[in-house]
Amino acid sequence: MSRNPAETQPSTEPPPGDDTAFFGQPRGLLTLSGLEVWERFSFLGMQAILVLYFADSVANDGMGMDPGTAASVSAAYGTLVYLVSVAGGWLADRILGSYRAVLWGGILIACGHYSMAVPTPTMTWVGLGLISAGTGLLKPNVASMVGKLYRTEDERRDAGFALYYMAINIGAFAGPLITGWLGDHKGWHWGFSAAAIGMTFGLVQYVAGRRHLAGRGHTAEYALPPEGMRRAVRLMAVGAVVVAALAALLAGVGWLTMDRFVDVLTVISVIAPVVYFAVMFKSPRVTAEERGRLRPYLVLFVASVAFNFILFQAYSTMMLLASTNARTEILGFHFPASWYASALGAFEVALAPVVAAVWARMGPRQPHASNKIALGVILGGLSFVLMVLPTVGHSGDSYKMAAWWIVGSYLLLGLGDILLETSGMSATTKLAPKAFASQTMSLWFLSLALANGIQAQTVKLYGKVSNPAYFGVNGAIAIAVGVAVIALAPWLRRTMHPVH
């Protein structure tokens, strides 16, 4: 049967401006938003029960880790995801192309969740490795594909991204509800199975809607020459084999323990951004003006690390606290502790339009981007300081705080996330040097990797110090960082042009 040539040729141009099939937006936005709903459903649905699975007893099909170790390993997994994301953006730009990078990333993620559905420790580690690699390919490239749906002058772009981020939070809300219920009532691996099925749904609709996507060509946008591509593939294959063999050898002789693996990831998460910034500051392709804009970005980078250090614990220490010291009922309705994680997504879905409307109403009177970021960090810190009140004067698992304490903490955290993530990512794209424009998301992912790397060490203290001390000190540090950013506001306003 013959095919329409327009459907067989790869699309590289944005769709026409009269493509308004999805709430006035291009049809491709429905495809990409649908993919993100299911990817976040699977990723955060799994993450909501991961630390509980690690900490549960072997008799209950858990891993039998102590709470601090469980939170540390969970954080190390997050570190690996965001470190791999830096490479994922490069692979899409130079070798795979965005469409294929996202497709293969989704396949790896689905395979990883299906692996975790098999109730053996070995398959758990295999699954987490596959999910890390897949998320590293998918996450940095979906957002860039959304951008390709619009021409530069298309005024629908901001509204389109707002719909896209709402889809992310819908997945973040729904995932823990399903996986949490299954994990609590049927077993942890049933929850992992739900995450696998969700990712499969996302892949099916992504492939089915591919004809509506711009930039779905089979070649990368900045593809390496054929010889360079072959050399890069060979080097990556050899490097992967060498790293795997070395890891197996070190594990076999007893040197590479889980604790040391976590420590190695933390060290890499610290070194990587230092090297990245050093290269940008010293690069001859970076002008003096651009170098001047990098200095204030360092401040925002630290602010992002401080906030996300708190945010990522919504799925680790906060889950552990909720499972042992929070009531799991509201108005007589009982629910799994992992359902608390859904509150974060729900608040972000509800509050994002409100925040956008407030900024639109304020117009030029709205706060500078640095102050929005600072306020986000302070709210993140307050979400932890709030937990001091119900935990002070108590120890062990004998007391249960009201559910509203955890919900209130997530309310502050969700609002802080909206303020920081939108302004932070926008500032990243505007402040990054032109020579590194295609790698701007790498900077952002490195801040997330570093936040997880620091968390992987800090959470080891959870359960060893009192809860008021743990949450109070970490929250106070985040608040101090936010206040410092506010104190630097006059300098930041002068040096962050063109960010307003």
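Preceding this paragraph is the structure being described.
To keep things clear, this report deals only with the structure shown in the data block. The structure presented is a predicted model; accordingly, all values stated were derived computationally and were not measured.

With respect to helix α2 (residues 27–55)
Argument step 1. The end-to-end C-alpha distance of α2 is 43 Å, a good match for the 42 Å that 29 residues give at a rise of 1.5 Å each.
Argument step 2. Its maximal kink placed at I49, α2 deviates by approximately 30 degrees.
Argument step 3. Where burial is concerned, most of α2 is hidden: 24 out of the 29 residues are buried.

A word on the side chain of T124
Argument step 1. Its location among the elements puts T124 in helix α5 (residues 121–147).
Argument step 2. The class of T124 is buried, set by a relative accessible area of 0%.
Argument step 3. The residues touching T124, leaving out its near neighbours within four places in the chain, are Y53, F54, M116 and H189.

Things to note about the packing of aromatic side chains
Argument step 1. Per the stated rule, a full pass over the model turns up 19 aromatic pairs.
Argument step 2. Where F277 meets Y297, the ring centres are 6.1 Å apart and the plane angle is 40 degrees; that geometry is what we call tilted. Taken together, the residues F277 in helix α9 (residues 258–282) and Y297 in helix α10 (residues 288–311) connect sequence positions 20 residues apart. By the burial criterion, F277 is buried, and Y297 matches it.
Argument step 3. Put simply, the rings of Y53, F54, W125 and F192 pair up and form one aromatic cluster.

What about the packing of α10 against helix α17 (residues 467–487)?
Argument step 1. Following both chains from N to C, one finds α10 and α17 inclined at 155 degrees, their axes separated by 10 Å at the closest point. In this view, α10 runs roughly antiparallel relative to α17, as classed from their interaxial angle. Considering only the axes of α10 and α17, their crossing is left-handed. Facing V299, V302, A303, A306, F309 and I310 of α10, the residues of α17 in contact are N474, A478, V481 and V485.
Argument step 2. Across the contact of α10 with α17, the residue classes tally to 9 nonpolar, 1 polar and no charged.

Concerning the packing of helix α4 (residues 98–116) against α5
Argument step 1. One can describe the packing of α4 onto α5 by two numbers: an axis separation of 7 Å at closest approach and a directional angle of 155 degrees. By the angle class used here, α4 and α5 are roughly antiparallel. For the crossing formed where α4 meets α5, the hand is left-handed.
Argument step 2. Residue composition of the contact of α4 with α5, by class: 18 nonpolar, 12 polar and no charged.

Regarding the nonpolar core
Argument step 1. Of all hydrophobic cores here, the largest spans 97 residues; its most connected members are M46, F54, Y340, I406 and Y410.
Argument step 2. If one sorts the elements of this core by residue count, α10 sits on top with 12 residues.
Argument step 3. The contact partners of F54, leaving out residues within four places of it in the chain, are M63, G64, M65, A70, V73, S74, T124, W125 and L128.
Argument step 4. L32, L138, I168 and L203 belong to the second largest nonpolar core, which has 22 residues in total.

What counts as what
- Residues numbered from 1 in each chain as written.
- Predicted model: local features only at pLDDT ≥ 70, side-chain atom pairs only at ≥ 80, totals over all residues.
- Heavy atoms only, no water.
- Helix = DSSP H or I, 4+ residues; strand = E, 2+ residues; numbered from the N terminus.
- Expected span 1.5 Å × (residues − 1).
- Bend = angle between axes of the 7 residues up to and from the residue.
- Buried < 20%, exposed > 50% of the residue type's maximum accessible area, 1.4 Å probe, protein only.
- Contact = heavy atoms within 4.5 Å.
- Phe/Tyr/Trp six-rings, centres within 6.5 Å; stacked < 30°, edge-to-face > 60°.
- Axes fitted to C-alpha atoms, helices over the stretch in contact; angles between N-to-C directions.
- Parallel < 35°, antiparallel > 145°, perpendicular 65-115°, else oblique.
- Left-handed = near helix turned anticlockwise from the far one by under 90°.
- Nonpolar A, V, L, I, M, F, W, Y, C, P; charged D, E, K, R; others polar.
- Core = buried A, V, L, I, M, F, W, Y, C linked by side-chain atoms within 4.5 Å.

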